[in-house]
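A look at the structure
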Amino acid sequence: MRVPQSRVPLAFLACRLPGPRPPRPTLAEELDEVHRIADETYVTAALITTCGSNRVHFGTPSPLVDATARERALDLAQARGARQEAFAERLLTDPTAVRARVRHTLEQCAEAFFDAAWTGVVGQLTSNLRLKNDLLKRHGIGQALASVSGSVTLTPDGTCIVVDKLRDNATAARGTGVTFLPSVFGRPHLVVVHAPGWQPVVQYPEASQGEPVVTLRLEALSHPVRLRLLRALARGPHTTGELAHAWELSPPEVSRHLAVLRRAGLLSTQRHGRYVSYSVDLPALTALGTDLLAAVLR
């Protein structure tokens, strides 16, 4: 996905509505902001989830006032399942009641579990936002984006933000800015949400180190010599000299390859006098499978 960003402010904060603003101090105040959204906009946003994000769009006639749009929305919801159809029917018949029910549900969830969870993560998220904004001010957009994810980059001419996702799409952010929203519970997924007239939002996993580590380890394993050394070490500890003799390599060459494997966290060491023996870090090697899966599913 490409976001043209020339002269566009980047905001690292939790923003849900069009236009940059800081998050409200309480959930009730956030829900008050949602309450101010017009019914037509609220219903269209709800139908995007109910009917499919690639089927309902802002800027088209509202199903609240347009009979054709209403029938299309109900048909799309029905195609996705009975619950979706029932929700769409209630939403289009009495949006006020549905909005009140959604708000009440969110308030109950906050009381039951979210308030306690928020207490545990608010400091972590605040620190993340402070770091991102400091990078933005001191080192520019490029480094700030790099700290978000290896999948978010700035084009060489500095006019577009590119997010490496499966869908090939684009949106403009001139006049609205782009909000980057850190998430503790969304890991490992990198989510991009955008619609015409609304501020694009990128939700990224906070302090996720999985993908850089995966890249480092895959690069370490990509060299045939390092792979041979790793196979030898998987059978038991070896010193540099033993590995050099076994594979007819020079000790300095073996040392260079072992250093790469150590930086990737794939080896453990143990000193015996003036000799150092190397072993495979089996938990780290085993975790590579789940880490790779997490990086792919971002």
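Because the structure is a prediction, the values reported are computed rather than measured.

1. Focus: the overall build of the protein
In terms of regular secondary structure, the protein is built from 11 helices and 10 strands. With 298 residues in all, the protein has 36% of them scored as buried. The long-range fraction of contacts in the protein, counting pairs at least 24 apart against all pairs at least 6 apart in sequence, stands at 57%. Carbon and sulfur atoms provide 56% of the accessible area of the protein, an area that totals close to 17,300 Å².

2. Thoughts on the pairing of strand 5 (residues 178–183)
Note on strand geometry: in a regular strand, side chains alternate between the two faces of the sheet. Summarising burial for strand 5: five of the six residues are buried, a large majority. Bridge count for strand 5 against strand 7 (residues 201–205) is five bridges, and the pairing is parallel. Looking at strand 7, one finds that Phe180 is bridged to Val202.

3. Observations concerning the sheet that holds strand 8 (residues 238–239)
Across the sheet, three strands lie side by side as 8-10-9; this open sheet has antiparallel pairing. On the outer flanks of this sheet lie strand 8 and strand 9 (267–272), each paired with one strand and no other. Pairing analysis gives two bridges linking strand 8 to strand 10 (residues 275–280), with the strands arranged antiparallel. Counted as the bridge partner of His238 is Tyr278 from strand 10. Against the sheet, helix 10 (residues 251–263) touches strand 9 and strand 10, its axis set at about 120° to strand 9.

4. Thoughts on the side chain of Ser277
Relative to the assigned elements, Ser277 resides in strand 10. Look past the residues within four positions of Ser277 in its chain and what remains in contact with it is Pro237, His238, Thr239, Ser268, Thr269, Gln270 and His272.

5. Here we look at the packing of aromatic side chains
All told, the structure shown has one aromatic pair when counted by the stated rule. The residue whose ring lies beneath Arg99 is Tyr42, and the NZ or CZ to ring-centre distance is 4.2 Å.

6. Re the confidence of the model for the protein
Residues with a pLDDT of 70 or more make up 85% of the protein, whose mean pLDDT is 81. Of all helices and strands in the protein, the one with the weakest mean pLDDT is strand 2 (residues 10–11) (50), whereas helix 4 (residues 82–93) scores best (94). Segment residues 4–10: pLDDT under 50, and 26 contacts once partners within four positions in sequence are set aside and those in other chains are kept. This stretch, residues 12–20, has a pLDDT under 50; its non-local contacts, to residues over four places away or in other chains, come to 34 contacts.

7. Digging into the packing of helix 1 (residues 27–35) against helix 5 (residues 95–139)
Axis separation between helix 1 and helix 5 bottoms out at 11 Å; the angle between their running directions is 165°. Taken together, the axes of helix 1 and helix 5 lie roughly antiparallel to each other. Note that helix 1 runs across helix 5; the crossing there is right-handed. Between helix 1, through Leu27, Ala28, Leu31, Asp32, Val34 and His35, and helix 5, the contact on the second element is made entirely by Arg99, Arg103, Leu106, Glu107 and Ala110. Looking at the contact of helix 1 with helix 5 residue by residue, the class counts come to six nonpolar, one polar and four charged.

8. Focus: the nonpolar core
Core analysis: the largest hydrophobic core is formed by 19 residues, its most contacted members being Leu233, Leu243, Val254, Leu258, Leu261 and Leu267. Listed by contribution, the elements that provide at least two residues to this core are helix 7 (210–221), helix 8 (224–234), helix 9 (240–247), helix 10 and strand 10. With five residues, the top contributor of residues to this core is helix 8. With residues near it in sequence (within four places) discarded, Leu258 still touches Leu229, Leu233, Thr240, Leu243, Leu267 and Tyr278. Ranked by size, the runner-up nonpolar core spans 14 residues in total, among them Ala46, Leu47, Ala73 and Leu74.

9. Things to note about unusual backbone geometry
Notably, Glu248 is not glycine yet its phi reads approximately 55°, a positive angle. Looking at the secondary structure, you find Glu248 in the loop between helix 9 and helix 10.

10. A look at the pattern of salt bridges
Tallying each qualifying case throughout the model produces six salt bridges. Salt-bridge contacts for Asp32 lead to Arg103; the nearest nitrogen and oxygen are separated by 3.0 Å. With Asp32 in helix 1 and Arg103 in helix 5, this residue pair connects regions lying 71 residues apart in the sequence. Given the relative accessible area of 30%, Asp32 is considered partly exposed. Between Arg138 and Asp134 there is a salt bridge, with the nearest N and O atoms lying 2.6 Å from each other.

What counts and what doesn't
- Residues numbered from 1 in each chain as written.
- Predicted model: local features only at pLDDT ≥ 70, side-chain atom pairs only at ≥ 80, totals over all residues.
- Heavy atoms only, no water.
- Helix = DSSP H or I, 4+ residues; strand = E, 2+ residues; numbered from the N terminus.
- Buried < 20%, exposed > 50% of the residue type's maximum accessible area, 1.4 Å probe, protein only.
- Contact = heavy atoms within 4.5 Å.
- Areas by Shrake-Rupley, 256 points an atom, 1.4 Å probe, with all protein chains shown as cover.
- Pairing = 2+ DSSP bridges.
- Axes fitted to C-alpha atoms, helices over the stretch in contact; angles between N-to-C directions.
- Phe/Tyr/Trp six-rings, centres within 6.5 Å; stacked < 30°, edge-to-face > 60°.
- Lys NZ or Arg CZ within 6 Å of the ring centre and 35° of its normal.
- pLDDT = per-residue confidence, 0-100.
- Parallel < 35°, antiparallel > 145°, perpendicular 65-115°, else oblique.
- Left-handed = near helix turned anticlockwise from the far one by under 90°.
- Nonpolar A, V, L, I, M, F, W, Y, C, P; charged D, E, K, R; others polar.
- Core = buried A, V, L, I, M, F, W, Y, C linked by side-chain atoms within 4.5 Å.
- Salt bridge = Lys/Arg side-chain N within 4 Å of Asp/Glu carboxyl O.

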